[in-house]
Amino acid sequence: MIEIEKLRIDFGGAPVVDGVSLAVAPGERVGLIGESGSGKSLTALAVLGLLPPGARAAGRVAIDGTDVLGLPERRLARLRGDRVAMVFQEPMTALDPVMRVGRQLALVSSKARARELLELVGLPADTYRAYPHQLSGGQRQRIVLAIALARDPAVLICDEPTTALDVRVQARVLDLIDGLAAERGAGLLFVSHDLAVVSNLCSRVLVMRAGRVVESGPVAEVLAAPRHEYTAALLAASDLEART
């Protein structure tokens, strides 16, 4: 579904992503981890052609075999939502603050489907008429997830979707992503700085540092015997070592 080969991204200077390659097959769950500034979010944004102004990308980024780098916006729009969708880190930047939630859902589906989507993500029916600012952070993130799932994408990209949430709400949202992806057989590319979160959701992981992949492999193997000192440091910073 997603194939990235030797991706390079720069802003006119040294590359911020350099030689990254990864793939997500149908139904596969891949984690992409690293500290802030490692290039993991830019890598995810490149898949949907959503790189910030001034970014230059080279290499190959394909969805269903179609290279999206340099693809006209009109053709990219057809792939977004239908084939690949994204859940962003901060829901308030992804939602229109002056538009009711139901209307935002209906823009990507229908009114009837919008109400079904609210039920799907565990929100009450009266959420339909609410504005984003009237909802909690966890509820807003559920709305963003509902929008992402509206067209049943084959691959779901999640970019730090629970960073701004407290621990209990974080667990609920992660369980929801886990369950909904499993029900649909959707592939998952989960971007995070937290190895503990990725270990619960993904079967394979790639570790990024300073724009490069420094380690990759099955999650269980990487957790049991990290080969790179940076991966070992991420493991030490998570709560996994306390549990293993």
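Our structure's up above, just so we're on the same page.
This write-up is about the structure you can find in this document. Just so it is clear, the model here is predicted, and its values are computed rather than measured.

### Re the sheet that holds strand E4 (residues 56–63)
Strands sit in the order E2-E1-E4-E5 across an open sheet of four strands; the sheet is antiparallel. Looking at which strands have only one partner, the edges of the open sheet turn out to be strand E2 (17–24) and strand E5 (66–67). Contacting strand E1 (2–10), E2 and E4, helix H1 (residues 40–47) runs over the sheet at an angle of about 120° to E1.

### Digging into the pattern of salt bridges
Should the charged atoms of two oppositely charged side chains come close, the side chains can pair. Taken as a whole and judged by the stated rule, the model has 16 salt bridges. Here Glu 5 and Arg 60 are joined by a salt bridge, their closest N and O atoms 3.6 Å apart. On the criterion of sequence distance, the pair formed by Glu 5 in strand E1 and Arg 60 in strand E4 is long-range, its members being 55 residues apart. Its relative accessible area of 38% is what places Glu 5 among the partly exposed residues. Residue Arg 56 is joined to Asp 10 by a salt bridge in which the shortest nitrogen-to-oxygen separation is 2.9 Å. Of the two residues, Arg 56 sits in strand E4 while Asp 10 sits in strand E1, which places them 46 residues apart along the sequence.

Reading guide: rules and limits
Residues numbered from 1 in each chain as written. Predicted model: local features only at pLDDT ≥ 70, side-chain atom pairs only at ≥ 80, totals over all residues. Heavy atoms only, no water. Pairing = 2+ DSSP bridges. Helix = DSSP H or I, 4+ residues; strand = E, 2+ residues; numbered from the N terminus. Contact = heavy atoms within 4.5 Å. Axes fitted to C-alpha atoms, helices over the stretch in contact; angles between N-to-C directions. Salt bridge = Lys/Arg side-chain N within 4 Å of Asp/Glu carboxyl O. Buried < 20%, exposed > 50% of the residue type's maximum accessible area, 1.4 Å probe, protein only.

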